[in-house]
Every structure is written in structure tokens, then in C-alpha cells.
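Examination of the molecular architecture
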Amino acid sequence: MDVLRFKDRFYEEYGEDDSNQTVHCFFAPGRVNLIGEHIDYNGGYVFPAALSLGIYGAMRFRSDNVIQLKSTNASLAVTIDLKQPIIFKTEDGWANYPKGAIKHLLDDGYSLKGCEILFSGNLPDGAGLSSSAALLVLVTFMLRYAGGERNIDRVELAKFCQKIENQFMRVNCGIMDQFSVAMGKQDYAILLDCDTLQYKYTPFALGEYSLVIMNTNKKRELAESKYNQRRGECEAVLDIINQHRQVTNLCQVSLLEIDTYVKDDVLQRRARHVISENNRVLLAVSLLEQGDIGGFADLMTQSHISLKDDYEVTGLELDSLVENALKTRGCIGARMTGAGFGGCAIALVATDQIDAFKVAVAQRYEEVTNLRPEFYVASIVDGVKAIDC
Ligand code: GLA
């Protein structure tokens, strides 16, 4: 995205500046989770990174109490009067995210002024790359930064935005997405302990390989998916274990305890995924640190198998992309990323084979699903920030 063109686009939407008010510009990345799926709400380790695909935001203050919200990606525009109660409305679609941020900021005592806001994203929405977390973190950061705050605590920012997603959007997600968008660091992935929120940056150096993101182009809506059902199943396992030993999350439980105490086959498999995946994350990070890209890639593939067979969150499209990727020359590991049920998968592919890889995977995937996939070769960038425009 050309930032100057974005500013021109802002002027097209809202008119040229006649009040000498500055236009402030920002960028929030999407996130890709490298390994550690469906682990954040189970209190274990995840290993995400912030993506160069993301959402731009521009804003300019007004002299009244009205906030105008527009996006180049949608025709729906919404206007908010800061003096009126702010409530979720289905017909406000995407604008409910900024509305949630504005409401929660006001509830927390921030004094907000009227402004015009334009968003523009190159992140496919509903694709498992955290477009919703990017939008929430972006708008919250914009309003606070443009309001004069310079030392925004990014961990608090992530927690605040997770709360909005949980309470205003009523999506029961964990902390991983908001944390990645707020805390990303160029060329590093984040090893995050979702129980304590302690984290460590690890260089994401892949040598002769590249990270290829593969979009199934099958849309999924997190709120409508089986996400909450999986969370419920994990809580059910926790209740069973707590009859024998006090634990606060599933990642504190051993596989032996699951085999001993959990009799239901479905619950047993759900727990097996969570516990084995959590172990895989730590192993994967240590292999990456030693430069063992092949070992890291193997664990990615094992993660996918576990999400397919034990956690059952993949489906035809994701499985087909991953299986075809793994059959293709140059690919050393692949898995779904994000919540699953559609969205994106990732693959580690020899950089000099990427063009042939895309053609071969796309062809076989289309034969099976009648959908055309999309590919993005990702770079890893910093978290949300103000940019010059
Ligand atoms: C979604 C949620 C995250 C996380 C992933 C699965 O992206 O928003 O909190 O649970 O699914 O790992």
C-alpha cells in the first residue's frame, strides 16, 4: 500500500483539510500462528508472528462529538455520537469493532473527541489471519496515540482488546491474536506463555526456505464456528481432572492423567491435542533456535495431523491444501493456522521452488474443492504503529 495514496483516499472520502487538522496514519499487522493452535485459552505456549499484510488507518479530529467510520474495503459507513450510548448492532457489521473499542475506552475514562476515520486493509477477512484483532488493536491504538499518549503499554493494549472481543463482540477468543498484533517484532516470532503472558522473541530465520501462506478461500466466521464448542470440551476435561487434582488449565495436565481419568473418546482426543501441541511448541522453538528448520517443519506437520484427527478443526479444504503442499517438491512442512474450519494454512517451501509450488498446489486443490486458493509469501513485521503519511 502506498501511504500517500492512502492519504489522498482519505481526502476523497472526507474532503481536503481546511481546518489545519493533521491526518494521523497507522498500520496494524495481521498475525500468523506458526505452531501452538487452540492453546491460548488452555493456558499454554503459542508461537505467532505479525504479518506484513494488515490494516492501515487514517484519522483527523473534528470539532464536535461525532466519530465517522469508513473503510475502503466495505461500502457500509457508520457514524457515532459520543454523547449517545454505544451498543452492538448487527447491521453495523465491521464497524462494531471500532464501536466496541470506543465504548470500552469511554467506559475506562478516556475522553475521546470527534474524528473522521478511514481504514484500508490488504488482509483477507475471515481467513484466520486475525483481521478482527488487527482492526481492534489498530483503532484502540489510533485513538489513544492521536489523543496524545505516547507510551502505550502494549501488553495492556492486547488484554484490553481481547476484552472487547469477548464482551462487545461476544467472541470467546484467547489472547494470542491481540498480543501478536500489539507486540509483533520485525523478523521475530513470539513465544508466548498464555498463562503468565511472559514472552520471548525468537529470530524467525528460515535459511533457504520461506513461509508461504495458503488461503483456502473458504470463509469462516469465528463466532459461528465450533470454536466455543471446543472451548467447552476443554473445560469439561478440566472439570474431570479437578475431581482428582487441582489444576487451573489443561496445559498443566499430563497425557497419563488424561488416559487414566477421562473415559469419553472425544474428550480424550481433544485433551490429547492440547497437551501434545503444547509440548510441540517448546520443542519447535528450540529446534528453530538451533537452525534445524527441517525439525521445525516436521513438528508443523504433526501439529496439523493432531488438529485434524484429535481436535477436528480442519475440514476438506484445509486438509487438501496441506496434503497437496506436502506432496509438492520443495515443501518440508505444512499446517493449518488460526481457528481452523477454513481460513489459511501455512507451508515452509524452498524459496527457489515457490512459483512451481503454487501452480501445482492450486491445480490439485481446485480439482478437489472447486475453490481457487491464494498464496502470500509473508514477511514478519513490527506490531501496531504510527506511520508517516
Ligand atoms: C482464533 C482465536 C485465538 C486462538 C486461535 C486458535 O484465532 O482468536 O485466540 O484461540 O483461534 O489457536
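Quick note: structure is the one above.
Note that the coordinates shown come from a computational prediction; the quantities given were computed from them, not determined experimentally. (Residues numbered from 1 in each chain as written. Predicted model: local features only at pLDDT ≥ 70, side-chain atom pairs only at ≥ 80, totals over all residues. Heavy atoms only, no water.)

Description of the side chain of serine 320
Which entries qualify depends on this criterion: Only DSSP runs of H or I with at least four residues qualify as helices, and only runs of E with at least two residues qualify as strands; both kinds are numbered from the N terminus onward. Each residue gets one of three labels from its accessible area relative to the maximum for its type: buried under 20%, exposed over 50%, partly exposed in between, using a 1.4 Å probe on protein chains only. In this description, contact between two residues means that some pair of their heavy atoms is separated by no more than 4.5 Å.
Within the secondary structure layout, serine 320 lies in helix H10 (residues 316-327). Relative accessible area serves as the criterion here: at 6%, serine 320 is assigned to the buried category. Beyond its immediate sequence surroundings of up to four residues, serine 320 is in contact with Tyr365, Val368 and Thr369.

A look at the nonpolar core
The cut-off we apply is this: By nonpolar core is meant a set of buried Ala, Val, Leu, Ile, Met, Phe, Trp, Tyr and Cys residues that side-chain atoms within 4.5 Å join together. The split into domains, and so the bounds of each, comes from an automatic or database assignment of domains.
Core analysis: the biggest nonpolar cluster contains 129 residues, and Leu34, Phe47, Ile117, Phe119 and Phe357 have the highest contact counts within it. Taken domain by domain, the makeup of this core includes at least three residues from each of domain 1 (3-205 + 381-387) and domain 2 (209-378). In terms of nonpolar packing, the next biggest core, distinct from the first, is built from 14 residues, Phe6, Tyr11, Tyr14 and Cys25 among them.

Observations concerning the layout of surface pockets
It is the rolling of a water-molecule-sized probe over the atoms that shows where space remains empty. Our working rule: Both cavities and pockets are sets of points on a 1 Å grid over the protein atoms alone; in a cavity a 1.4 Å probe fits but cannot get out, in a pocket the set is open with protein on both sides within 12 Å along at least five of seven lines, and lining residues sit with an atom within 4 Å of a point. Grid points are joined across faces, edges and corners, and a volume is the space filled by probe spheres set on the points. When residue character is reported, Ala, Val, Leu, Ile, Met, Phe, Trp, Tyr, Cys and Pro are called nonpolar, Asp, Glu, Lys and Arg charged, and the others, Gly included, polar.
Within this model, the largest pocket holds a volume of roughly 970 Å³. What lines the largest pocket is a set of 46 residues, among which Tyr97, Asp125, Gly126, Ser131 and Ser132 lie closest to the centre. Only helix H2 (96-107), strand S6 (115-121), helix H3 (131-146) and helix H5 (176-183) provide two or more residues apiece to the lining of the largest pocket. The greatest single-element share of the lining of the largest pocket, amounting to four residues, is contributed by H3. Mapped onto the domain boundaries, the lining of the largest pocket takes at least three residues apiece from domain 1 (3-205 + 381-387) and domain 2 (209-378). Quantified by volume, the second largest pocket comes out at close to 210 Å³. Ranked by residues supplied to the lining of the second largest pocket, first place goes to helix H6 (residues 227-242) with four residues. Taken together, the residues of the lining of the second largest pocket sort by class into six nonpolar, six polar and four charged. Three or more residues apiece are contributed to the lining of the second largest pocket by two domains, here domain 1 (3-205 + 381-387) and domain 2 (209-378).

Re the site of the ligand
What counts, and what does not: Summary of the distance rule: residues count as near a molecule or strand when at least one heavy atom falls within 4 Å of that molecule or strand. In the analysis that follows, any N or O atom pair within 3.5 Å is treated as a polar contact, provided that within protein one partner can donate a hydrogen and the other can accept it, and provided that, for residues neighboring in sequence, both atoms belong to side chains. Computed with a 1.4 Å probe, the accessible areas rest on the Shrake-Rupley method; for each residue, only the protein chains presented here act as cover. A pocket or cavity is taken to hold a molecule when more than half of that molecule's atoms are within 2 Å of the pocket's grid points.
As a matter of local geometry, the ligand sits amid 13 residues, with Glu37, His38, Asp40, Asp177 and Tyr227 nearest to it. Residue glutamate 37 places a side-chain N or O atom 2.6 Å away from an oxygen atom belonging to the ligand. In this structure, an oxygen atom belonging to the ligand sits 2.6 Å away from a side-chain N or O atom of aspartate 177. Expressed as a share of its isolated accessible area of 310 Å², the protein-covered part of the ligand is 98%. Here the ligand occupies the largest pocket. In this structure, the shell around the ligand is formed jointly by two domains, domain 1 (3-205 + 381-387) and domain 2 (209-378), each of which donates at least three residues.

Remarks on the pattern of salt bridges
For the record, the criterion: For this document, the term salt bridge refers to a Lys or Arg side-chain nitrogen within 4 Å of an Asp or Glu carboxyl oxygen.
Enumeration over the complete set of coordinates arrives at 24 salt bridges. Across the pair arginine 31 and aspartate 177 runs a salt bridge whose closest N-O atoms are separated by 2.7 Å. Taken together, the residues span a long stretch of sequence, with arginine 31 in strand S1 (residues 24-33) and aspartate 177 in helix H5 at a distance of 146 residues. The pair formed by arginine 31 and aspartate 177 is uniform in burial state, with each residue classed as buried. The network of salt bridges with common partners includes Arg230, Glu233, Asp265, Arg269, Arg270 and Glu312.

Quick notes on the sheet that holds strand S7 (residues 188-193)
Note the cut-off: Strand pairing follows a simple DSSP-based rule, namely that at least 2 bridges must link the two strands. Interaxial angles span 0 to 180 degrees and are taken between N-to-C directions of axes, which are lines fitted to C-alpha atoms, for helices over the stretch in contact.
Taken in spatial order, the three strands make up an open sheet running S2-S7-S8, and their pairing is antiparallel. Every interior strand has two partners, whereas the edge strands, strand S2 (45-46) and strand S8 (199-203), have only one. Bridge count between S7 and S8: five bridges; the pairing is antiparallel. In the sheet register, tyrosine 188 faces S8, and the bridge partner there is proline 203. Contacting S2, S7 and S8, H5 runs over the sheet at an angle of about 140° to S7. The strands touched by helix H8 (residues 265-289) are S2, S7 and S8; relative to S8, the strand with the most contacts, the crossing angle is about 45°.

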